[in-house]
Each structure stands twice: as structure tokens, then as C-alpha cells.
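# Chains, contacts and geometry: an overview
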Amino acid sequence: MAIIITDECINCGACEPECPNTAIYEGADDWRYKDGTTLKGKVVLPDGTEVDADEAQTPISDEVYYIVPGKCTECKGFHDEPQCAAVCPVDCCVPDDNHVEDEETLLNRQAFLHNE
């Protein structure tokens, strides 16, 4: 499953540089599929949706840091545990019950995002 940042977030920013997929953004910041990945231009996501990887997407949160579920791999393929949760001083990076995924799905996403 993806990781979510709860509203207990203190906006310290410790998690953002730890994400190998650049799936973490500061509240109110636009995000892009191309950020921290090899994606560019028109791409078809694993779920069949066509997107422009270069196009700015609407922020998921305006108040606290947030994680884009479609870019989160729980650090599978990079680390043994989600790095955001490992560095968060207030333990607000937790599993997202709305985005439950198995390890194979997460590894496939990692390969897709990084063209491996």
C-alpha cells in the first residue's frame, strides 16, 4: 500500500528528500509524474490512464506535505522500509488504507517510474 502523511505533520520537510520516487511534495505545491522519474511526455500509467508526465498536477493537500499514491512504492526496489516513515520525527507517515497494494504491484510501479 502507499504511505500517507497525516494531519499531524509538522511540515518539517525531513521526508521529502528521502523519497526515491519524488512522490512527496510540500503542501500546496504542484506535482508532476516526471519529477524524480524517467517519465516524460505522454505516458500510459499502469492503470491505463494516459497522462502528460510534464504537466503540473493539482496538489493533494494545501496544508501539509503529501505523498502521491501513484508514485509511492513504499521504497520497494530501493530500501527495506519506507524512508519517509523512518525519518519522520512525529510518526505521521503511515500506511494508506485507501491504497492497499501488494509487493509485486509496488515493484512494478518502481520499474515503470524508472524505466527498468
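Before going into details, it helps to say that this report is about the structure given with it. (Residues numbered from 1 in each chain as written. Predicted model: local features only at pLDDT ≥ 70, side-chain atom pairs only at ≥ 80, totals over all residues. Heavy atoms only, no water.)

## Observations concerning the layout of surface pockets
Of the volumes computed, that of the largest pocket is approximately 220 Å³. For the largest pocket, the full set of lining residues is Tyr33, Leu45, Pro46, Asp47, Pro69, Gly70, Glu101, Thr105, Asn108, Arg109, Phe112 and Leu113. Per-class residue counts for the lining of the largest pocket are six nonpolar, three polar and three charged. (1 Å grid on protein atoms, 1.4 Å probe; cavity = no way out; pocket = protein on both sides within 12 Å on 5 of 7 lines; lining within 4 Å. Points joined across faces, edges and corners; volume = space filled by probe spheres on them. Nonpolar A, V, L, I, M, F, W, Y, C, P; charged D, E, K, R; others polar.)

## Regarding the pattern of salt bridges
This structure, assessed with the given rule, holds one salt bridge. For the salt bridge of glutamate 101 with arginine 109, the shortest nitrogen-to-oxygen distance reads 2.4 Å. A residue is classified by how much of its surface remains accessible, and arginine 109, at 12% relative accessible area, is buried. (Salt bridge = Lys/Arg side-chain N within 4 Å of Asp/Glu carboxyl O. Buried < 20%, exposed > 50% of the residue type's maximum accessible area, 1.4 Å probe, protein only.)

## Quick word on empty space enclosed by the protein
By rolling a water-sized probe across the atoms, one finds the places where empty space is left. Here the structure, examined in full by the defined rule, presents two cavities of 30 Å³ or more. Its boundaries defined by the atoms lining it, the largest cavity holds a volume of some 90 Å³. Taken together, 14 residues form the lining of the largest cavity, with Cys19, Ile24, Cys72, Cys75 and Cys84 sitting closest to its centre. Estimated volume of the second largest cavity: approximately 70 Å³. Surrounding the second largest cavity, 14 residues form its lining, Cys9, Cys12, Cys15, Cys88 and Cys92 being those nearest its centre. The class makeup of the residues in the lining of the second largest cavity is 12 nonpolar, two polar and no charged.

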